[in-house]
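# Close look at the chain arrangement
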Amino acid sequence: MRALGNVTAALKIMRSSRTRSLFTMLGVIIAVAAVTTVVSIGDGVKQSILLQANKSAKNVLTIRPASLSDTSDGLNKINGGGSIGVLTAEDLKTVAKQPHVTSAVSLSVAGNTAQGDYEYKGPVVSVDGDLPAVVNYSVAYGAFFADTDAANNVAVLGAKAASALYNANVPLGHSLTINGQEFIIGGILNSVPVAPLSGGFDANNTIFIPKSAAASVAPAGAVIYQILAKIDDAKNVESTAKKMQSNLSKEHGGQEMIKVLTPSELATKQTVTLGLLAKLTVAAAAITLLVSGIGIMNVMLVSVSERMHEIGIRKAVGATNRQILGQFITEAVMLSVIGSILGVILAAFGCFLLGVFSDLHPHFNWAAAGLSCLAACGLGILFGVIPAARAARKDPISALRSQ
Amino acid sequence: MALIELKDVSKLYGFGDATTLALDEVSVSIEKGEFIAIMGASGCGKSTLMNVMGLLDRPTNGTYTLSGKRVDRLRPTRAAKLRRDTLGFIFQNFNLLPKLTVIENVALPLSYTNMSTTRRLKTASSMLERVGMQSREYFLPSQLSGGQIQCAAIARALVNNPSVVLADEPTGNLDSAGSRLIMELLSELHKVGNTIIFVTHNPELTRYATRVIYMHDGQIIQDEQTEIGQVAKTAKAQLYSRGRLSEEDDMAGVSTLMKAFPTAEQPKPVAKKRGRRGGKKK
């Protein structure tokens, strides 16, 4: 009963000083909205990764150096240098020899810039002509180079790389310079669905060149960073992966330098980066929440000293210390509750806009919304206590005297 | 048994060289149903005495017994509950909460009890009716005249049915019409059996009291029983010893007009809903 009275009284106070209340709540609003939106984006991305994993070939194993399999962002690590060529052509042979493996291709990084109509920074990857067959890439224009083309300098572009390099819509037959070596565009891939923010290898940005041409582009030798192996049947994937893992380890002297990843493991790896991003945002939002809690405390302290006379009157007519405490804590909590609600509304609106205007498709996460609201309310209580206690302890006579 | 019993009550403020003796071993006993005026110069300790009796302040020394119970060393929470249940306060500057309507202000003491909102507002409404303010229930204090605000404050003081009403210069901020309204109202309350203690600077107002206590430098220097309708003798001496229409009289606000009514037929204050400017008589 009395709590309800406190709530209505608090709402009345907030109504009478709207601007101040709004600015006080701003921190809470931003923090709750940020946490909810980022977690929702993460959820959306995770879902599309899983969807992609389900859609794409379920019977392809990915073999990577163990140091790179920690994150999905192997390419960047290689580009950044410092990586050792753990995977060798021998490994490719070993992989191809495994039972149930129908075909295997290696992907090596041959460079990271190319010059078409424009200069382009993106991975240049040398592969076998089998690649489209292994990973289900389809060619929109032209054709993927065959192993018979190996001697020719033919390049195949990912959809995004094609539009970034050339003015022409279909730059088939245009020339491309990679590290001083000229290539002719022989094919352009259809756009491949890639989950946003997953940090995974994005074929759309990639320039593919034949393996045999790699040597001319990268004199030091292209480093194999990944081997893809197609398995004859999805039900053999797990067993083949295990066997392949042990065989590869044996070849490398028993060291676990190479990791064989099944499609589902790969999807999990891809979400790791995302999880890290989400954690960072949550940490930032936690700091925002903390700061907004201090903001609430500040405003409540000012409010308490402004309303000292009111406190005096209330005490004179019989309010106990505890009742005054309750009143001011309720006010602080109401600030954070309403702030949280506004934050959730803002997040929902933000997710909606992102869903409409970007390729992220946030999946509104109610748990994150609820948890951040709870955290905000907890902070409201925590930071409301100090000003409220100050108000409650005030001696009625001196409170009445202050104006 | 006396309702209020103060024995050798002292109150000291400050410490060291700056110590002020606001009350100096004051002993007084107040019976139920008395209408007491406390008079004295500024700074003589009237307000401190009121605060001690109203449990807003603790005496430094001495004992205070309220309805037979020692209350001079109460914990703050117990004191607050006693204030809520047995005491009513009327202040010089009204002390209504400006953001609450009149009825919410009047219901304020009840909001610290377990009474339901509906019952609170009902009780407050009937109390406002008693002071003739029912038509102003949903006004804000800023929309009322001084006299009306003080009427509302009286309604608030009475809403918890207190055994003692303490009024610290209730007419200090009012013009003559407002003062008269308030004193008439207090007088009505006294007639129905309330115990009222008020502080005043205006000797004329002792007409309403049954007993006048004079204070000086923190001590009670005289305690005089008086007839209702008569200015107390000591107060009268004070009144006539100075210039009748001195500046102080004007400041006190009421003296000239007050002479007109005590014997004459008085209009009921409840019928008047006049503002500060309503002082011009019909």
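In the block above lies the structure referred to throughout.
Residues numbered from 1 in each chain as written. Chains lettered and ligands numbered in written order. Predicted model: local features only at pLDDT ≥ 70, side-chain atom pairs only at ≥ 80, totals over all residues.

Residues and elements named next belong to chain B. When you tally the buried positions in strand β8 (residues 195–200), you get six out of six residues, the bulk of the element. On β8, burial covers both faces: T195, I197 and V199 on one face and I196, F198 and T200 on the other are all buried. As defined by bridge partners, strand β3 (residues 35–40) adjoins β8 across five bridges and the pair is classed as parallel. Residue pairing in the sheet places M39 in a bridge with T200 of β8. Pairing between strand β7 (residues 164–168) and β8: five bridges, direction parallel. Its bridge partner lying in β8, D168 is registered against V199. (Buried ≥ 20, exposed ≤ 12 C-beta atoms within 10 Å, placed from the backbone. Helix = DSSP H or I, 4+ residues; strand = E, 2+ residues; numbered from the N terminus. Pairing = 2+ DSSP bridges.)

A word on the sheet that holds strand β4 (residues 61–66) of chain B. All names here are of chain B. Pairing is antiparallel in the open sheet, where four strands are placed in the order β2-β1-β4-β5. Edge strands, defined here as strands with exactly one partner in the open sheet, are β2 (20–30) and β5 (69–70). In this structure, β4 lies alongside β5, joined through two bridges in antiparallel fashion. The residue bridging T65 from the neighbouring strand is R70, located in β5. Set on the sheet, helix α1 (residues 46–53) makes contact with β1 (4–13), β2 and β4; between it and β2 the angle comes to about 60 degrees. (Contact = placed C-beta atoms within 7 Å. Axes fitted to C-alpha atoms, helices over the stretch in contact; angles between N-to-C directions.)

All right, on to the packing of helix α5 (residues 89–97) of chain A against helix α9 (residues 237–251) of chain A then. Residue and element names in this part refer to chain A. At their nearest, the axes of α5 and α9 sit 10 Å apart, and the two run at 145 degrees to each other. The two elements α5 and α9 cross, and the hand of that crossing is right-handed. Contacts from E90, D91, T94 and V95 of α5 reach α9 at M244, N247, L248 and E251. Residues that form the contact of α5 with α9 fall into these classes: three nonpolar, two polar and three charged. (Left-handed = near helix turned anticlockwise from the far one by under 90°. Nonpolar A, V, L, I, M, F, W, Y, C, P; charged D, E, K, R; others polar.)

By size, the foremost hydrophobic cluster in this structure holds 187 residues, and its most contacted members are V106 and A155 of chain B. Here this core gets 13 residues from one element, more than from any other, and that element is helix α2 (residues 18–55) of chain A. No fewer than three residues from each of domain 1 (2–50 + 272–401) and domain 2 (60–232) of chain A sit in this core. Not counting residues up to four positions away in its chain, the partners in contact with V106 of chain B are A124, M127, L128, A152, A155, R156 and V159 of chain B. (Core = buried A, V, L, I, M, F, W, Y, C linked by C-beta atoms within 7 Å. Domains from an automatic or database assignment.)

For the rest of this paragraph, the subject is unusual backbone geometry. Residue and element names in this part refer to chain B. Phi is positive for D8, which is not a glycine, with a value near 50 degrees. Residue classification places D8 among the partly exposed residues on the basis of 13 C-beta atoms within 10 Å. Backbone geometry at L55 places phi at a positive 60 degrees, although glycine is not the residue there.

Right, let's get into the pairing of strand β7 (residues 181–189) of chain A. Residues and elements named next belong to chain A. As judged from the three bridges shared by strand β4 (residues 139–142) and β7, these two strands associate in the antiparallel manner. Its bridge partner being in β7, G142 is matched across the sheet by G187. Bridge count between strand β5 (residues 154–157) and β7: four bridges; the pairing is parallel. Considered in β7, the bridge of L157 is made with I188. Direction of pairing for strand β6 (residues 175–178) relative to β7: antiparallel, over a ladder of four bridges. Across the sheet, the residue bridging to S175 is I184, located in β7.

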